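Okay, here's what each chain looks like letter by letter:
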Amino acid sequence: NIGTIDVMFKGDKTKWLKFGNTLKLKMMLHTVKANTFNVSTEMAKITSEGSGFLGNGVGAVVQPGFSPDKPNPYYNAHFYSISGTENDNYNRANDYSLTMMKDLGDERYKRVYRPAKNGGAYKGTVYGSMPTDENNSDNTSGVGYGITANASAPMWIMSSTEAMFLRAEAVLRGWITGDAEEAYKDAVRESFKSLAVPDAVA
C-alpha cells in the first residue's frame, strides 16, 4: 500500500528520482570547494538517469496526517500549540529585511511575516536592540502564514523554490545547460507562487 505508506510522494517513483537528483545537486554545490567528487562524472549520472529535478510546483513535503490535534511541528513551534497558546514570542521580523521588501514593492513580506498583534502593522526589530515595550512580541511581526498556513499543512523537506535556486546556481556554474539569468528569475517567481502571491505581482 505504498500510496498510503509513502507520506512524501505517495509512491510516485519519478518524484523520488527528482528528489534524489536534487539532493545530489545540493550536496555537490555545498561541497564544491572540497574536491571530493568529479562534477562531470556526477552530473553525467544525473543526466543519464533522466528524471530531472524538483521544481515548478513540485517540492518534497510530508503529510503523515497533521491535524489540529496532531499539528505540523513547524506550526506548533512557531505559531500556536494545541491549546491555542502562542508558542513563539521570540523570533521576530528583522527590520532590515522587512524594510527592504517593502521598499522594493515585494509583496512576499505579507506572507513571510505576520502583522503585530497590537495595531496590526508589519514591524521589525533591529537586532541587538534593548527589549523595550516597543520591541516586544506584541508590537512586532512574527513568522508569517505563507511559510506554514495552519496546523494541518504539510511539512516541507525541500521546497520547490530551493530546488530551482539550486538548479539556477548549477546553470551559472556550467553544470547544466541553459540561461542562468532566466533560471534565477524562474526561481524567484517560484518563491512568489509558493507563498501564494499572485502571478501578476510576481
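Here, the structure is the one placed above.
Residues numbered from 1 in each chain as written. Predicted model: local features only at pLDDT ≥ 70, side-chain atom pairs only at ≥ 80, totals over all residues. Heavy atoms only, no water.

Let's talk about the layout of surface pockets
Okay, step 1: Approximately 650 Å³ is the volume found for the largest pocket.
Okay, step 2: Looking at the largest pocket, it is lined by 27 residues, and the ones nearest its centre are Val61, Ile147, Trp156, Ser159 and Ser194.
Okay, step 3: Of all the secondary structure elements, the ones that give two or more residues to the lining of the largest pocket are strand 2 (155–158), helix 7 (160–172) and helix 8 (180–194).
Okay, step 4: Here the element with the most residues in the lining of the largest pocket is helix 8; it accounts for four residues.
Okay, step 5: Across the lining of the largest pocket, the residue classes tally to 13 nonpolar, nine polar and five charged.
Okay, step 6: The computed volume of the second largest pocket comes to approximately 260 Å³.
Okay, step 7: Lining the second largest pocket are 14 residues, with Tyr90, Arg92, Thr125, Tyr127 and Asn135 positioned closest to its centre.
Okay, step 8: A per-class count over the lining of the second largest pocket returns five nonpolar, eight polar and one charged. (1 Å grid on protein atoms, 1.4 Å probe; cavity = no way out; pocket = protein on both sides within 12 Å on 5 of 7 lines; lining within 4 Å. Points joined across faces, edges and corners; volume = space filled by probe spheres on them. Helix = DSSP H or I, 4+ residues; strand = E, 2+ residues; numbered from the N terminus. Nonpolar A, V, L, I, M, F, W, Y, C, P; charged D, E, K, R; others polar.)

Here we look at the packing of aromatic side chains
Okay, step 1: By the definition in use, this model includes seven aromatic pairs.
Okay, step 2: Among the aromatic side chains, those forming a connected cluster through ring pairs are Phe9, Trp16 and Phe19. (Phe/Tyr/Trp six-rings, centres within 6.5 Å; stacked < 30°, edge-to-face > 60°.)

A closer look at helix 7
Okay, step 1: Over its 13 residues, helix 7 extends 19 Å from the first C-alpha to the last, a length consistent with the 18 Å expected when each residue adds 1.5 Å.
Okay, step 2: The set of residues buried in helix 7 consists of Ser160, Thr161, Ala163, Met164, Leu166, Ala168, Ala170 and Val171.
Okay, step 3: Contacts from the buried residues of helix 7 go to helix 2 (13–30), strand 2 and helix 8.
Okay, step 4: Residue glycine 174 follows helix 7 closely and has a positive phi angle near 85 degrees. (Expected span 1.5 Å × (residues − 1). Buried < 20%, exposed > 50% of the residue type's maximum accessible area, 1.4 Å probe, protein only. Contact = heavy atoms within 4.5 Å.)

Examining the nonpolar core
Okay, step 1: Core analysis: the largest hydrophobic core is formed by 21 residues, its most contacted members being Leu25, Met43, Trp175 and Ile176.
Okay, step 2: With five residues, the top contributor of residues to this core is helix 7.
Okay, step 3: Aside from chain neighbours lying at most four places away, what touches leucine 25 is Met43, Phe53, Leu166, Arg167, Ala170, Trp175 and Ile176.
Okay, step 4: Ala93, Leu98, Tyr109 and Tyr113 belong to the second largest nonpolar core, which has five residues in total. (Core = buried A, V, L, I, M, F, W, Y, C linked by side-chain atoms within 4.5 Å.)

Points about the side chain of serine 160
Okay, step 1: Examined against the element boundaries, serine 160 turns out to sit in helix 7.
Okay, step 2: By relative accessible area, which is 10% here, serine 160 ends up buried.
Okay, step 3: Separated by 2.7 Å, the side chains of serine 160 and glutamate 190 make a polar contact.
Okay, step 4: Ignoring sequence-local partners within four residues, the contact set of serine 160 consists of Gly55, Asn56, Gly57, Val58, Gly59 and Glu190. (Polar contact = N/O pair within 3.5 Å; in protein donor to acceptor, adjacent residues only side chain to side chain.)

Side note on unusual backbone geometry
Okay, step 1: Even without being glycine, asparagine 35 reaches a positive phi, approximately 55 degrees.
Okay, step 2: Among the secondary structure elements, asparagine 35 is positioned in the loop between helix 2 and helix 3 (39–49).

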